Structures are given as C-alpha cells and as structure tokens.
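Structural characterization, general
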Amino acid sequence: MGLRDELLKAIWHAFTALDVDKSGKVSKSQLKVLSHNLCTVMKIPHDPVALEEHFKDDDEGPVSNQGYMPYLNKFILDKVQDNFDRVDFNKMCWTLCARKNLNRSHLLITDDYAFKIWCIFNFLSEDNYPLVIVTEEIEYFLRKLTEAMGGSWVEERFEEYRMQLSSKQQCLSVWELIELVGTGTFSMGMDHQTLSMGISEVFQELILDVLKQGYMLKKGHKRKNWTERWFLLRPNAISYYVGEDLTEKKGDIMLDSNCCVESLPDKEGKKCLFIIKCLDKSFEISASDKKKKQEWIQAIQTCITLLKRDLPAPHHEARLRRKELRQKQQAELEQLEERMRELQIANENKQRELEAMRKKLEETTAEAAEEERRRLQTQNELQDRYRTDLEREKMVRQQMEEQVAQKSCELEQYLQRVRELEDMYHRLEEALDAERQARQDEETVRKLQARLLEEEAFKRTELEQMHLQQQIAISQTEAEKQELENERLAKETALQAAMQQLEQLESDRQGALQQYQEVMKKLEHAANETRSWKDKVAHHEGLIRLIQPGSKGPQRITNWGPAAFTDKELSLREKEWQEKRSRPAQAQ
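Values in this document were obtained by computation on a predicted structure and should not be read as measured data.

What follows concerns the sheet that holds strand β8 (residues 273–277). Taken in spatial order, the seven strands of this open sheet run β6-β5-β4-β3-β9-β8-β7, and their pairing is antiparallel. In the strand order of this sheet, the two ends are held by β6 (249–254) and β7 (260–264), each with one partner. Across this sheet, the average inter-strand angle for adjacent strands is 35°, counted without regard to direction. Of the strand pairs in this sheet, strand β5 (residues 237–241) and β6 are connected by five bridges, and their pairing is antiparallel.

Below is the structure:
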C-alpha cells in the first residue's frame, strides 16, 4: 500500500465524521480546519490564499467530497513527504472520527487500543470506499491477535461467526471490528490486560513494522561490558532501549545488504551469543536461550535478505499476496458465475428448444394420425374403385378378344395382300436400281470429260503464262546485260583514268623527291658556306686592331686606366670637352 493510499484512508474517516447528514457534503469552515490540521501534522506549508480561492461560495462543487479531492491532491498530497510522524497523523484523524462513532459502553479496552485497532483496520481494509475489511483479513487479524495473547486458534468458532457475516456480505466496518475485538468475543475469556498487550504487539508488527522485540544482553564497544537492553527489530534497523517502555533510546544498528549475522561460541561466561557485522561496526549480543537466539538470527537474516532483494516487510508482502489471491479468486468466481449464467441461459434455451420440440412432436403425431386416417380412407376408396375397374376391365377384355378374333381374320387377308405388294415393290426397286446405275455411269463419264477439259484449259493457261514469263525474263536479262556492259565500260574508263592519275602522282612524287634532294643539297651547301664565313669573320675580328708597340715615355693614368689613351687621343678628347663647356655659356 502506497503512502497516498494510506493517507487517504485516514482522511476519509475524518471527512466522513464531518459529514453528519451523510450527504457527501461538509461545511466550508470544517474543511478549512481539516486542511489546516493536515498541513500542520504532515509538515506542509499552509497556503490560506489558495485555500480561500478554492473554497469559494459555490454550492455545486468545492464543498462536496468530489470538490474537496482536487484541493486535497494538489495542495496537500502532492506536496507530502515521508518526514512526519505517521502516528500523530493517524491520531489527528482518529480524534475527529472517534468522538462521533466510537461506542465505549461495552468495550474492555481503552481508547488508545481502539485507536490501534483503527490503524490496523486501515492497513488491512480494501482500497474501495466506503472502507470495509473482508472475512479473510478479519481471520488474519484475529489469528495474529490470538497468537500474540498466547492462545490457540479455534477454527470452528470462527466458521460460526463467518456464517453470521454472510448476511452482511462477509465484511465489517472499522467500528464493528473495534466492537468485535473490544468486547472480548474472540479473546477466549482472557483479561483486558492480555487483550491490550496482544493488540499492542499486532499494532507494532503491522503498523510500526516491528518484526521482533525482547530483552537481550549487548556488549559495549568502549568498556566491553555486557548490558541488558530492550531490542526492536524493524526491516531496516535494530533499535535498543533501556527498557521496554521505549522512553530512553540508546542507539540503532542500521541494516543493509552488506550486513550479516553469525552465531558465536560461548565465551566470557556468556552463552547463546551471535554477532551482527556491518561495514563500520560489529555488535555482539547474548540471547536468553538457544531458541531466542535462533529466532533472532533467523529474523535478522530475513530482514537482510529482504533488503538485498528490495522487497517490503513480510506482513506487507503477505497482505499483497492475500489481496492478489482474493482478486484472483474473485476473478475466478466472476468467471464461474458468468459461466453459470451462460450455462443457465443455455439450459433455459435448451428447455425452450425441448419444449418446442415436444410441442412440434405432438403436432407431428397428431398430423401423422390424421394422415394415417386419411390414408386408410383413401385406401378403402381405392380398393372399391379397383374392384369396379377390374370388373369393367373383364368386360372390356372379353369385347377385345372378340374384336381381336375378327381382326385376326382381316389381318391374315391384309398380310397376304401386303406380301404381294412387297414382291411387286422388290421388282420395281430392282428396275429403279438398274436405271439409277446407268444414270450414275453416264454422269461419271460426263464429269470425267468435263474434268479433262478443265485440266486441258488450265494447262494451256499455265503454258501461256510461262511463255509470257520467259519473254519478260529474256527482256529483263537483255536489259541487265546491257546495263552490266555499260557499267563495265564505265569502270574500265574510270580505271584507266585512275591509272593515269596514279602515274601522274608517281611522277609528281619523283619530281618532289628530286626537288627535296636538291633543296637538301642547297641547305647543306649553305650551311657549309655559313660555317666557313663565321670562321672567317671570327678570324678577321681578331685581326682588325693591330697590336702596336706602346710609347716609351711616361704613361698617363686616366679614369680608364694607365696608358689607356695616347697623347694625341687625349688632346682630341680635351678639345671636345672644352667645346661642350663653351656651348652652354654662349647659349646664355
């Protein structure tokens, strides 16, 4: 069961308690108070503006239970986190509904234990509204309560009670369950203290998830002394207190998938030892006896296995299995009922068919009897008619025999005449056959002559056509021959012209070859002459300036080097230079 479903069940009780008229509507002021209390208990920020905006002065929706659900889901349940005290939340809802519905006159238990039964009812009830607890869950709760009180379960007694519940559709409301348990109907004469202790133990297991509890000795981590503590085992932790009143908590042993529990041999004068190993610490514990030791080891190992497999507590898983089994049985029952209805309908249809067949059979029998009567009557009528017809037939037969005798004589005469006529007919047929044969022979000869004439005419026509074809073929042959002759002459003429052109081309080729050879000779001669002239030019260039002996006087040094000019050349160059200088002065 999810957190939202668990909260909705408790809120439903509170809302139903506020609905005094059972009309499904609650006043706006009461819903505001309820919403404020829910936000306070579940530690949700309260938004009075949103609350006032939702609960407008409208009689159609917001103040009804359907109108309250949207606000409850949006502003409360969607914001809730698992960081509040479930017991305080349940007590708040219990306070609203108990003062108007709880009848304390015949109860052997206090309101506190009635509240625990109310919480157990919410856990075991179905998820349909109005909330009820079915027979299987009632039996489960009473069995757990009986085991917690140390009693034995009496199956026959509960079967009698189950028969009484059949008139109530085999389910109880929470107030009927509190009355059933609180009046001691199934406590088998035990006192109210034992009953209260049993209720507390079942409440701790189913609601507080306490799988096991009891006194054991624990070894300290610092002083290594052994101290008696009250241990509470939950699916994910083991809490230990100073006493069973749970007023002073000393610590927790957090369980996870990495923990393990092992048995230890006796030591230090302590017996029934076992150890719980966690990642950071190990805890040595001594049970009171071997049975308690084995029970604790088994319970702790079960919790570790559930943590490894990520499964809920055993009672949660058992409740889910019971619910699935009920749903499966309900589905099978519905299928069975549907099958029974189908069979019943089929049986009714079959009965109607059988009734129709019976009526049809009776009608058929009556019709058959009437038909048999009509058949007998018809048969008697036919027999009388047959006798009458038989007598008439005898008379007719006698008349016919007389007529036959008379006709026999006439027949003999007629047959004689027929035989004579047959002889004459045979002779006539022979004469006709001879005449027919002669005509056939004549016709055959005539057809033969006509066929010969036709064949002769056909042959003549064929010969004429062949002659014409021969004439046409001869003329065509002559024309073709003439055409071939012309073609031959034209080809010979063309061949001669081609031969002449070929000869001309050959002569042209020979001439071009001779010209090429002459040009090559000329080129070779020109190249030789060019080469000889180049040699001559090079020779003459070397001889153009004669080497003369230099002056024996002192050599002059100019910008062109020592002895670059003669004195005469130098004087000429100076004269030219003076003339160039005087020209600009004259121009000015």
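Bringing the packing of helix α7 (residues 135–148) against helix α9 (residues 174–182) into the picture now. Helix packing for two helices is described by the angle between their axes and how far apart those axes are. Their axes nearest at 12 Å, the elements α7 and α9 cross at an angle of 30°. The angle between α7 and α9 places the two elements in the roughly parallel class. Between α7 and α9 the crossing geometry is right-handed. Where α7 abuts α9, its residues I138, F141, L142 and L145 lie against L177, L180 and V181. Here the contact of α7 with α9 is built from residues that sort into seven nonpolar, no polar and no charged.

Mapped onto this numbering, the UniProt entry gives "domain: EF-hand" (unreviewed entry) at residues 6–41. The annotated region residues 6–41 carries 75% helix and 0% strand content, and the separation between its end C-alpha atoms amounts to 15 Å.

Bringing the nonpolar core into the picture now. Counting 68 residues, the largest nonpolar core has L38, I76, W94, W118 and I178 as its most contacted members. Here this core gets nine residues from one element, more than from any other, and that element is helix α6 (residues 111–124). Those residues in contact with W94, other than ones at most four positions away along the chain, are L102, D111, A114, F115, W118, W175 and I178. Judged by nonpolar contacts, the second largest core, of 22 residues, contains F231, V261, C272 and C303.

Attention now moves to the packing of aromatic side chains. Under the counting rule described, the total for this entry stands at 10 aromatic pairs. When the ring of F115 is compared with that of W118, the centres are 6.1 Å apart and the planes differ by 25°; the resulting orientation is stacked. Of this pair, F115 and W118 both sit in helix α6, three residues apart, roughly one helical turn. Grouping residues by exposure puts F115 and W118 together as buried. Ring geometry for F231 against Y240: centres 5.7 Å apart, planes inclined by 40°, an arrangement best described as tilted. Accessibility classification places F231 together with Y240 in one group, the buried group. Of note, R319 hangs over the ring of F123, and the distance from its end group to the ring centre comes to 5.5 Å.

Criteria and cut-off values
Residues numbered from 1 in each chain as written. Predicted model: local features only at pLDDT ≥ 70, side-chain atom pairs only at ≥ 80, totals over all residues. Heavy atoms only, no water. Pairing = 2+ DSSP bridges. Helix = DSSP H or I, 4+ residues; strand = E, 2+ residues; numbered from the N terminus. Axes fitted to C-alpha atoms, helices over the stretch in contact; angles between N-to-C directions. Parallel < 35°, antiparallel > 145°, perpendicular 65-115°, else oblique. Left-handed = near helix turned anticlockwise from the far one by under 90°. Contact = heavy atoms within 4.5 Å. Nonpolar A, V, L, I, M, F, W, Y, C, P; charged D, E, K, R; others polar. UniProt positions renumbered as here; feature names shortened; annotations may be inferred. Core = buried A, V, L, I, M, F, W, Y, C linked by side-chain atoms within 4.5 Å. Buried < 20%, exposed > 50% of the residue type's maximum accessible area, 1.4 Å probe, protein only. Phe/Tyr/Trp six-rings, centres within 6.5 Å; stacked < 30°, edge-to-face > 60°. Lys NZ or Arg CZ within 6 Å of the ring centre and 35° of its normal.

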